[in-house]
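Structural characterization, general
Next come the chains, spelled out residue by residue.
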Amino acid sequence: MAGPAPRIVLLGRQGSGKGTQATRLSAVYEVPHVSTGEAFRAAVKEGTELGRAVQGYMDRGDLVPDDMVEAVIKAHLFGPRAPEGFILDGFPRNVAQAEALELMAGHRSLDVAVNLDASTAEVLRRIAGRRVCSKCGANYNVVDNPPRVPGSCDECGSALYQRDDDTEEAVARRLELYEKATAPLIDWYRQRGLLANVDAMGEPDAVTGRVVAAVQAALARR
Ligand code: AMP
C-alpha cells in the first residue's frame, strides 16, 4: 500500500455489518478500529462516570450528546499517541460530528466513507441474531456468522451476550434516528467526493470483498 495508513469511516444502518467489517478492515490495513458504541458499552460495564452519563441514552436508543462522543474520539484518535490511520465504526452519526471530525483531523481528514447498504428487513433479521463478546466486543450472528463454540468468542473465549439496546423499542428508535440524523451524511460525503456505496446484503465474506475493493479504489485515487 503506497502512502499513509488509510483513514476510513463506515456508515450504514444498525445491523448493516459495520462492526464485523471494521474488525476485518482493521486486520487487512493494520490500523485500529474505533467503535464509539463499543467504547460506551465498555464504560457502562466498568461503571465509570462516562458510563453512568451515557447509559440512559443508550438504553433508549437515543444518540449520546455530541460533546461526549467527540471527547471519546479525541482521546482515542487525536491524543498524544494518535495513530496515523483508523477505521471508524459508529462515528460520525450526524453532520455536526462529521464537521468536528474534519476539524480534529486537520489537514488530513479521510480517505473514504464506505456506506454499507442493507435493507431494513435484512438489518432487523441480523439484529435478532446478533451476539457480542462481553470482553473484546467482537460481533457474531447466530445464523450468518456463528462462533466456533456456541456462546463463546473465537478471539478471546469470553461469553457472548445480546446487547441491552437490541430490544424492539430501542431498535425502532435507533433506526428512526439513523434515517433522520445519520443518513444525510451519505450525501454529505458524496459531495466531498469521499463516498463509496457498497452492497452489504449477502455473506459477510462477500461484503468484505466488496468493501476492500472500494477502499483500494479510493486509495489508488489519492
Ligand atoms: P452502536 O454500537 O454504534 O450501535 O452504538 C450504540 C449506542 O451508543 C447508540 O445507540 C448511541 O446511544 C451511542 N452512540 C454510539 N456512537 C454514537 C455517536 N457517534 N453519536 C451519538 N451516540 C452514539
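Here's the deal with the packing of helix H5 (residues 95-105) against helix H8 (residues 184-191)
The contact between H5 and H8 brings their axes to 10 Å, and the two run at 35°. Contacts from Val 95, Ala 98, Glu 99, Leu 101 and Glu 102 in H5 reach Leu 185, Trp 188 and Tyr 189 in H8. Class assignment of the residues belonging to the contact of H5 with H8 gives a composition of six nonpolar, no polar and two charged.

Things to note about the packing of aromatic side chains
Counted under the stated rule, the structure contains two aromatic pairs. Between Phe 78 and Phe 86, the ring centres sit 6.0 Å apart and the planes meet at 85°, which makes this aromatic pair edge-to-face. The class for Phe 86 is buried, based on a relative accessible area of 0%. In this structure, Arg 60 is placed above the aromatic ring of Tyr 57, and the distance from its NZ or CZ to the ring centre is 5.5 Å. Across the ring face of Trp 188, the terminal group of Arg 192 is positioned such that the distance to the ring centre comes to 3.6 Å.

Description of the sheet that holds strand E7 (residues 160-161)
The antiparallel open sheet is built from three strands, whose spatial order is E6-E5-E7. Edge strands, defined here as strands with exactly one partner in the open sheet, are strand E6 (139-141) and E7. Relative to E6, strand E5 (residues 130-133) runs antiparallel, the two being bridged by three bridges. Note that in E6 the partner of Arg 131 across the bridge is Tyr 140.

Overview of the packing of helix H2 (residues 36-46) against helix H3 (residues 49-60)
Axis angle and axis distance: for two packed helices, these are the angle between their axes and the distance between the axes, and together they describe the pair. Relative to each other, H2 and H3 sit at 115°, their axes nearing to 8 Å. Crossing geometry of H2 relative to H3 is assigned as left-handed. Contacts between H2 and H3 involve Gly 37, Phe 40, Arg 41, Ala 43 and Val 44 from the former and Leu 50, Gly 51, Val 54, Gln 55 and Met 58 from the latter. Within the contact of H2 with H3, the residues separate by chemical class into six nonpolar, three polar and one charged.

Some points on the site of the ligand
Taken together, 16 residues lie around the ligand, and Thr 36, Arg 41, Asp 62, Gly 90 and Gln 97 are the ones closest in. Val 64 is positioned such that a nitrogen or oxygen atom in its backbone is 3.0 Å from a nitrogen atom of the ligand. Measuring from an oxygen atom of the ligand, one finds a side-chain N or O atom of Arg 163 at 3.0 Å. Within the complex, the protein chains bury 96% of what would otherwise be the 490 Å² of accessible surface of the ligand. With four residues, H2 is the single largest residue contributor to the shell around the ligand. Its residues assigned to classes, the shell around the ligand shows six nonpolar, four polar and six charged.

Definitions and limits used
Residues numbered from 1 in each chain as written. Predicted model: local features only at pLDDT ≥ 70, side-chain atom pairs only at ≥ 80, totals over all residues. Heavy atoms only, no water. Axes fitted to C-alpha atoms, helices over the stretch in contact; angles between N-to-C directions. Helix = DSSP H or I, 4+ residues; strand = E, 2+ residues; numbered from the N terminus. Contact = heavy atoms within 4.5 Å. Nonpolar A, V, L, I, M, F, W, Y, C, P; charged D, E, K, R; others polar. Phe/Tyr/Trp six-rings, centres within 6.5 Å; stacked < 30°, edge-to-face > 60°. Buried < 20%, exposed > 50% of the residue type's maximum accessible area, 1.4 Å probe, protein only. Lys NZ or Arg CZ within 6 Å of the ring centre and 35° of its normal. Pairing = 2+ DSSP bridges. Left-handed = near helix turned anticlockwise from the far one by under 90°. Near = heavy atom within 4 Å. Polar contact = N/O pair within 3.5 Å; in protein donor to acceptor, adjacent residues only side chain to side chain. Areas by Shrake-Rupley, 256 points an atom, 1.4 Å probe, with all protein chains shown as cover.

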